[in-house]
Amino acid sequence: MTDDKDVLRDVWFGRIPTCFTLYQDEITEREAEPYYLLLPRVSYLTLVTDKVKKHFQKALRQEDVSEIWFEYEGTPLKWHYPIGLLFDLLASSSALPWNITVHFKSFPEKDLLHCPSKDAVEAHFMSCMKEADALKHKSQVINEMQKKDHKQLWMGLQNDRFDQFWAINRKLMEYPPEENGFRYIPFRIYQKLGLSTLYYPGTMQTKVGLELRERDLPASERYLPAYASPVLGIKWPV
Amino acid sequence: MEDEFFGEKCFQYYCAEFIKHSQQIGDGWEWKTAKDCSDGYMCKTEFQIKNGTTPSHLGTPASVHTGFPTEENLELPVDDSEVMESAAASKVIKYEYHVLYSCSYQVPVLYFRASFLDGKPLSLTDIWEGVHECYKTRLLQGPWDTITQQEHPILGQPFFVLHPCKTNEFMTAVLKHPQKINRNVNYITSWLSIMGPVVGLNLPLSYAKATSQDE
C-alpha cells in the first residue's frame, strides 16, 4: 500500500470547482449572489456546504427556509453519493465550474434522503464502511475496532485529514500474508440511465461486492467508466 | 458466492414458503421482481392507527395482485367500536414493508416506508418515536446504528431500514436449537418475527404452526 500513497493522496485531495446558485423561484429579501466553492470529490454535499447554506439563508426570510437540497439540470442530487460520483455521472462532459442549484423549499421526498444533521452523514458513511468490511473481512476488522477508531475515520473525512483517516483505514485495507487478497472486493458500479448498457461477463453483475476474477473480463472491459470509491481505497485490479 | 450460510436461493425459497402461508390466511404478502434481473423482494402494505399511545392495527387491505384470492381478502377486518374510540386524536398511517436480501451480509433486510393518508411521509424522528416501548431502550443506545433512511437497493427510493449487521449473530443463536433436534425452521418466519415488531409489523402465530406442519 505504501507505494500507492501518491495515488491515494491524489484521489483524496481531488476537487471540483463548483458554482452554487439559488433557485430562481425562491422568494428573496435581498440579492443572492452565486457562491463558489471547491468541493472534495471524496466527501458528501451536506457535509461540506455549511457556508453555502449560510450565504443563501441571508437572502431569504426565516419562514421560507426549510431543508436545503441541491439540483443539477433538474436532477435532485443524492447527497449520500460521494461528490465525485455525482459529478462524474451527471456533469463530467460539461464545462467547469459545475453549476449546482440550491433549493430551500419543496423537498423531493420521493427522490432524496433527508439529512437532518451531520449524524445522518456519519451514519451513512459508517454503514458503507461496515458493509465493505463485511465483504473484505467478514466484518472482523471493523468490529474489532474501538468506537474511537470509528470516530477517527469519520473525523478524518469530515475534517479533510488524510493521515488521520488512513491511520485507521489502512487496517481495513490489509489482509493476512498467507491469503492473496480480500475475501471479496467491494465496489459499486453506477450507470446513468439511458446510456448504452455495458456488457457484463458471467461472474459480474451490478451489485456490491461480487466475486471478480480478472481473467473473466475481456481486455476491452478492464477499464470501466465506473466510480470505485477512493474512500474505500479500492484499486481497479488491472 | 461460496460458503453461504444463508444464500440468495435459500432466501427466495423461504420467502416463497412464507408467501404460501400468507396467501392461505390473507395476510397480504407478495413477491415482486425487479425489471431485467432475477432480484426480487417480498412486500406488504398495512394500515395502522396511531392515537398517541400504542398503535392499533386495521389489518391488511385486500390485495389486488394476489393470485389466490381467499375469503379473508375482503374488507378491512375492523372492529367498528375500536375505531370510534381512537378516532378522536388519531391518524391512519400507511406502512409498506419490504424484505430484501443483502449479498454483503448474506441475510435478509427489512426496509419500510410510512406516510399519512394525505401522502405526507413520516420523518426519521417520527419513526424513532413510534418504536414500541420494549425496544426503545435498545434503540436509544444507538438510534443511528439501528434505524435510518437509506436508498432502496432495487427501487432507488428513500426507505427506512433496520440495520442488518447484527442479524447473523442472533439468527445463529435462534437456529441452533431447532437444528439440534432436527426441526424444520423457516428462516424468514423466524427472522421476521424478531425484526418486524420493532417497527410495528406483527406476524400471526399461524406462521409458526405452518412451518412445523411441513415436517
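First things first, this report covers the structure right here in the doc. Only a predicted model underlies this, so the values are computations on that prediction, with no experimental measurement involved.

**Describing the pattern of salt bridges**
In step 1: Counted by the stated rule, this structure contains 18 salt bridges over all chains.
In step 2: Residue Asp88(A) pairs with Arg41(A) through a salt bridge whose shortest N-O separation is 2.5 Å. Of this pair, Asp88(A) sits in helix α4 (residues 83-90) while Arg41(A) is found in the loop between β2 (35-40) and α2 (45-48), placing the two residues 47 residues apart along the sequence.
In step 3: Given the relative accessible area of 33%, Asp88(A) is considered partly exposed.
In step 4: According to the relative accessible area criterion, Arg41(A) is partly exposed, its value standing at 22%.
In step 5: A salt bridge links Lys136(B) to Glu133(B); the nearest nitrogen and oxygen atoms lie 3.5 Å apart. Taken as a pair, Lys136(B) and Glu133(B) lie in helix α4 (residues 133-141) at a separation of three residues, close to a single helical turn.
In step 6: By relative accessible area, which is 57% here, Glu133(B) ends up exposed.
In step 7: Counted as one network, the salt bridges with shared partners bring together Arg61(A), Glu63(A) and Asp64(A).

**Some remarks on the interface of chain B and chain A**
In step 1: At the junction of the two partners, chain B supplies 20 residues and chain A supplies 28 residues.
In step 2: Together, the buried faces of chain B and chain A total about 1900 Å²; carbon and sulfur atoms form 50% of this surface.
In step 3: Scanning the region where chain B abuts chain A turns up one salt bridge.
In step 4: As a salt-bridge pair, Glu151(B) and Lys78(A) come within 3.4 Å of each other at their nearest N and O atoms.
In step 5: For the pair chain B and chain A, the interface holds seven residue pairs in polar contact (both at pLDDT 80 or more).
In step 6: For the side of chain B that touches chain A, the element with the highest residue contribution is strand β6 (residues 147-151) of chain B, accounting for four residues.
In step 7: Of the residues contributing to the side of chain B that touches chain A, the split by class is six nonpolar, eight polar and six charged.

**Things to note about unusual backbone geometry**
Negative phi is the rule for most residues except glycine; trans is the rule for most peptide bonds.
Residues and elements named next belong to chain A.
In step 1: Cis geometry marks the peptide bond from Leu96 to Pro97, where omega comes out at 0°.
In step 2: Among the structural elements, Pro97 can be located in the loop between α4 and β5 (98-103).
In step 3: In this model, Ser106 sits at a positive phi of 50°, which is unusual for a non-glycine residue.
In step 4: Along the chain, Ser106 turns up in the loop between β5 and α5 (118-137).
In step 5: One non-glycine residue with positive phi stands out, namely Ser139, at about 70°.
In step 6: Topologically, Ser139 is positioned in the loop between α5 and α6 (140-144).

**Let's talk about the packing of aromatic side chains**
In step 1: Tallied over the full model, the rule gives 25 aromatic pairs over all chains.
In step 2: Considering the side-chain rings of Phe125(A) and Trp154(A), the 5.9 Å spacing of their centres and the 45° angle between planes classify their relative orientation as tilted. Taken together, the residues Phe125(A) in helix α5 and Trp154(A) in helix α7 (residues 147-158) connect sequence positions 29 residues apart. The same class applies to Phe125(A) and to Trp154(A), which are both buried.
In step 3: Here a set of aromatic residues connected by ring pairs shows up, and it is made of Phe6(B), Phe11(B), Tyr13(B), Tyr14(B), Trp31(B), Tyr101(B) and Tyr187(B).
In step 4: The lysine or arginine in question, Lys136(A), covers the ring of Phe182(A), its NZ or CZ lying 5.3 Å from the ring centre.
In step 5: Stacked on the ring of Phe116(B), the Lys or Arg Lys91(B) has its end atom at 5.1 Å from the ring centre.

Conventions adopted
Residues numbered from 1 in each chain as written. Chains lettered and ligands numbered in written order. Predicted model: local features only at pLDDT ≥ 70, side-chain atom pairs only at ≥ 80, totals over all residues. Heavy atoms only, no water. Salt bridge = Lys/Arg side-chain N within 4 Å of Asp/Glu carboxyl O. Helix = DSSP H or I, 4+ residues; strand = E, 2+ residues; numbered from the N terminus. Buried < 20%, exposed > 50% of the residue type's maximum accessible area, 1.4 Å probe, protein only. Contact = heavy atoms within 4.5 Å. Buried area = accessible area lost by both parts, 1.4 Å probe. Polar contact = N/O pair within 3.5 Å; in protein donor to acceptor, adjacent residues only side chain to side chain. Nonpolar A, V, L, I, M, F, W, Y, C, P; charged D, E, K, R; others polar. Phe/Tyr/Trp six-rings, centres within 6.5 Å; stacked < 30°, edge-to-face > 60°. Lys NZ or Arg CZ within 6 Å of the ring centre and 35° of its normal.

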